[in-house]
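In case you want the letters, here they are:
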Amino acid sequence: MESQTVSTERTARDTSTAATLKPDALGVLGILFFVLSAQAPLTGIAGAAPISVAIGNGAGTPAAYVLAGAMILLFSVGFVAMGRHVVDAGAFYTYIGTGLGRTAGAGSACLALFSYCAIQAAMYGLYGSIVSGLVAHHTGLELPWWVWALLTMAVVKVLGALGIEMGARVLAVLVSAEFSILLVFGLVTLVKGGGPEGLGAADSFSPAAALQGAPGVALMFAVASMFGFEATAIYGEEARDPRKTVPRATYLSVFMVTCFFALTSWMLISSYGASKAPAAALEALAGGDSAGFVFAPVAARFGGWVNEVLPVLLATSLFAGILTFHNSANRYLFSLGRDGQLPQGLRRLNDRHAPSVAGWVQTAAALALVVPFALTGKDPVLTLFSWFSGVAVLAMMLLYLLTSVSVVVFFRRRRLDSRLWNTLAAPALGALGLAGAIWLILANFTTLIGGSTTTAVCLTLLVPVVLAAGAVNERIGRKRRTTP
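My aim in this report is to walk through the structure given alongside it, one point at a time. Quick caveat: nothing in here was measured; it's all calculated off a predicted structure.

**Some remarks on the overall build of the chain**
Stage number 1. In terms of helices and strands, the chain carries 21 helices and zero strands.
Stage number 2. Within the chain, contacts between residues separated by at least 24 positions form 82% of all contacts whose residues are at least 6 apart in sequence.
Stage number 3. When the accessible surface of the chain is totalled, it reaches about 18500 Å², and 67% of it is carbon and sulfur.

Printed below as a string of structure tokens:
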């Protein structure tokens, strides 16, 4: 009965504001494509795996993905349990606010917006660099990276305004292409018995392999590669039967992504040989072509045409991620406007039930983050991509931790679910793992962003500053609303 009351209160508030996202628009597969595109599988493998193999725990990198997946799965248990009682496009904002109070919720909303906008801006940097090189290679037309970034911002804005179904269809095509080629490579290599040293399962998954070298670095990049799975809850209002669709999409996405990254990284290492893979990855990094560590064995397996196709798929992988984070940030802005935390104009929808004003605001935020790097001539990969992706991962890990704590508090106050594993044990274990992941990220943050210690400190301090700014804004707004 209390569960029904919570849902009824949410529905009543939504109806009173006359601003509800389009219901019954997404099924499990639609939400799954948004999650997979946010995680940009090809980008994650080409960007993170070579670093983990080179300076992390070497051939034990696949074990780091399994461990990260297990930690995220523990988090997901509580995340899903709370999602059965709280459905809102604000996701973290609503979850944390419901359990820990409106002030904490408002701070988390500000941090989530910052995180999504930062990772999107980071992707624009890498995307612009890759597309600029591809166009120059194939057509001879040489334009700065930021030209392609700005053009893509316009395309993303249009796709976001066309509605959630259109975005899901576009992402389905792009994600299927990048996911399929790497998955087929992994499965074919597995069936054929691996590379020159065999499959080398013990070299990649044994405890000794997992703990060799610098396992903290490998785990840090593994966690970063899984960024974005929480999008399942963001689309709850637009899902068909969200009480069933969102849990299924969440568990399926965590399982698929963990298996994908573990299998692909394992087969890449096997293709070189466990004893030779770290040296090959280090050589690729030293040569400034980390993606070559991934592309070379795939091309050796399927033919030279792969070297032409994979760079294109890397660009579309980034585009898919950019579109997904645009939609995620839109829905946070929309939810905050609907709740009165931000100007209520943000709750305005177009005739396709897509956030209208929020879409323009999010695009303006992307411009504000990207343009300074273009004007100052900064390297889009070494600065824009590296810096913002690092700080976004740190911010998101903190949000995961706060959500886990909120789940425990929520179910201790409201006895809506008697399952102790789902509402207490798993969230608590997940919180401990997330706290450890945050410690690892902070300890290796300079490595994660590829910058100086000064830059690392400044970016790290941004996270608590943004969190505090959101909380202060809510307190000021509350006083303003209660003052006669």
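**Quick word on the side chain of Thr363**
Stage number 1. Within the fold, Thr363 resides in helix H17 (residues 357-375).
Stage number 2. Within the local environment of Thr363, its side chain forms a polar contact with the backbone oxygen of Gly359, the two atoms lying 2.8 Å apart.
Stage number 3. Ignoring sequence-local partners within four residues, the contact set of Thr363 consists of Met153, Lys157 and His326.

**What to know about helix H14 (residues 277-286)**
Stage number 1. Turning to H14, its buried residues are Ala277, Ala280, Ala281 and Ala284. Viewed end-on, H14 has its buried residues packed into an arc of 100 degrees, placing them on one side of the element. Turned more than 90 degrees away from the buried face of H14, the exposed residues are Ala279, Glu283 and Ala286.
Stage number 2. Remark: Gly288 follows H14 within two positions and exhibits a positive phi of approximately 75 degrees.

**Some words on the environment of Val217**
Stage number 1. Relative to the helices and strands, Val217 is located in helix H11 (residues 215-225).
Stage number 2. C-alpha of Val217 to C-alpha of Gly56: the two residues are 161 residues apart in sequence and 5.1 Å apart in space.

**Quick word on the environment of Arg413**
Stage number 1. Its place among the elements puts Arg413 in helix H18 (residues 380-413).
Stage number 2. Arg413 gets classed as exposed once you look at its relative accessible area, which sits at 63%.
Stage number 3. A sequence separation of 314 residues divides Arg413 from Gly99, and the C-alpha atoms of the two residues are 8.6 Å apart.

**A look at the packing of helix H3 (residues 41-55) against H11**
Stage number 1. Viewed as axis vectors pointing N to C, H3 and H11 meet at an angle of 170 degrees, and their least axial separation amounts to 9 Å. On the basis of their axis angle, the class for H3 and H11 is roughly antiparallel. From H3, Gly44, Ala48, Ile51, Ser52 and Ile55 reach across to H11, where they touch Val217, Ala218, Phe221 and Ser225.
Stage number 2. Of the residues in the contact of H3 with H11, the class split is six nonpolar, three polar and no charged.

**With respect to helix H6 (residues 102-139)**
Side chains three or four residues apart in an α-helix point the same way, a direct result of the helix having 3.6 residues per turn.
Stage number 1. Taking 1.5 Å of rise per residue, the 38 residues of H6 would be expected to cover 56 Å, and the 54 Å separating its terminal C-alpha atoms lies within 8% of that figure.
Stage number 2. Following H6 by one or two positions, Gly140 adopts a phi angle in the positive range, close to 85 degrees.

**Description of the nonpolar core**
Stage number 1. Counting 131 residues, the largest nonpolar core has Phe92 and Phe445 as its most contacted members.
Stage number 2. At 19 residues, the largest contribution of residues to this core is made by H6.
Stage number 3. If near-sequence neighbours (up to four positions away) are discounted, Phe445 is found in contact with Gly390, Val391, Leu394, Ala456, Leu459 and Thr460.

**Quick word on the packing of helix H7 (residues 145-161) against H17**
Stage number 1. For the pair H7 and H17, interaxial distance at closest approach is 11 Å and the crossing angle is 175 degrees. Here H7 is positioned roughly antiparallel relative to H17, judged by the angle of their axes. Listed contacts from H17 to Trp145, Trp146, Leu150, Met153 and Lys157 of H7 are Gly359, Trp360, Thr363, Ala366, Leu367, Val370, Phe373 and Ala374.
Stage number 2. Class assignment of the residues belonging to the contact of H7 with H17 gives a composition of ten nonpolar, two polar and one charged.

**What to know about the packing of aromatic side chains**
Stage number 1. Considering all chains together, one arrives at 14 aromatic pairs under this definition.
Stage number 2. Considering the side-chain rings of Phe75 and Tyr400, the 5.0 Å spacing of their centres and the 35 degrees angle between planes classify their relative orientation as tilted. One end of the pair, Phe75, is in helix H4 (residues 61-83); the other, Tyr400, is in helix H18, with 325 residues separating them in the sequence.
Stage number 3. Note on Phe75: relative accessible area 1%, which makes it buried.
Stage number 4. Of the residues examined, Tyr400 reaches a relative accessible area of 1% and is grouped as buried.
Stage number 5. Aromatic pair Tyr127 and Phe319: ring centres 6.5 Å apart, planes at 40 degrees, arrangement tilted. One end of the pair, Tyr127, is in helix H6; the other, Phe319, is in helix H16 (residues 306-338), and 192 residues separate them in sequence. Exposure class is identical for Tyr127 and Phe319. Each is buried.
Stage number 6. Through a chain of ring-to-ring contacts, three or more aromatic side chains come together here, namely Tyr65, Phe179, Phe260 and Phe261.
Stage number 7. The positively charged end of Lys157 is found above the aromatic ring belonging to Trp360, 4.3 Å away from the centroid.

**Digging into the side chain of Asn422**
Stage number 1. Of note, Asn422 is situated in helix H19 (residues 420-443).
Stage number 2. On the basis of relative accessible area, Asn422 is assigned to the buried category, the value being 13%.
Stage number 3. Each residue touching Asn422, except ones within four places of it in the same chain, is listed here: Val77, Gly78, Ala81 and Pro427.

**Concerning the environment of Gly194**
Stage number 1. As for its placement among the helices and strands, Gly194 is situated in the loop between helix H8 (164-191) and helix H9 (201-205).
Stage number 2. Assessed through its relative accessible area of 12%, Gly194 is described here as buried.
Stage number 3. Separated by 77 residues in the primary sequence, Gly194 and Ser271 have C-alpha atoms spaced 6.0 Å apart.
Stage number 4. If we skip the residues at most four places from it in the chain, Gly194 touches Thr189, Leu199, Ser270 and Arg301.

Conventions we followed
Residues numbered from 1 in each chain as written. Predicted model: local features only at pLDDT ≥ 70, side-chain atom pairs only at ≥ 80, totals over all residues. Heavy atoms only, no water. Helix = DSSP H or I, 4+ residues; strand = E, 2+ residues; numbered from the N terminus. Contact = heavy atoms within 4.5 Å. Areas by Shrake-Rupley, 256 points an atom, 1.4 Å probe, with all protein chains shown as cover. Polar contact = N/O pair within 3.5 Å; in protein donor to acceptor, adjacent residues only side chain to side chain. Buried < 20%, exposed > 50% of the residue type's maximum accessible area, 1.4 Å probe, protein only. Arc of directions from axis to C-beta. Axes fitted to C-alpha atoms, helices over the stretch in contact; angles between N-to-C directions. Parallel < 35°, antiparallel > 145°, perpendicular 65-115°, else oblique. Nonpolar A, V, L, I, M, F, W, Y, C, P; charged D, E, K, R; others polar. Expected span 1.5 Å × (residues − 1). Core = buried A, V, L, I, M, F, W, Y, C linked by side-chain atoms within 4.5 Å. Phe/Tyr/Trp six-rings, centres within 6.5 Å; stacked < 30°, edge-to-face > 60°. Lys NZ or Arg CZ within 6 Å of the ring centre and 35° of its normal.

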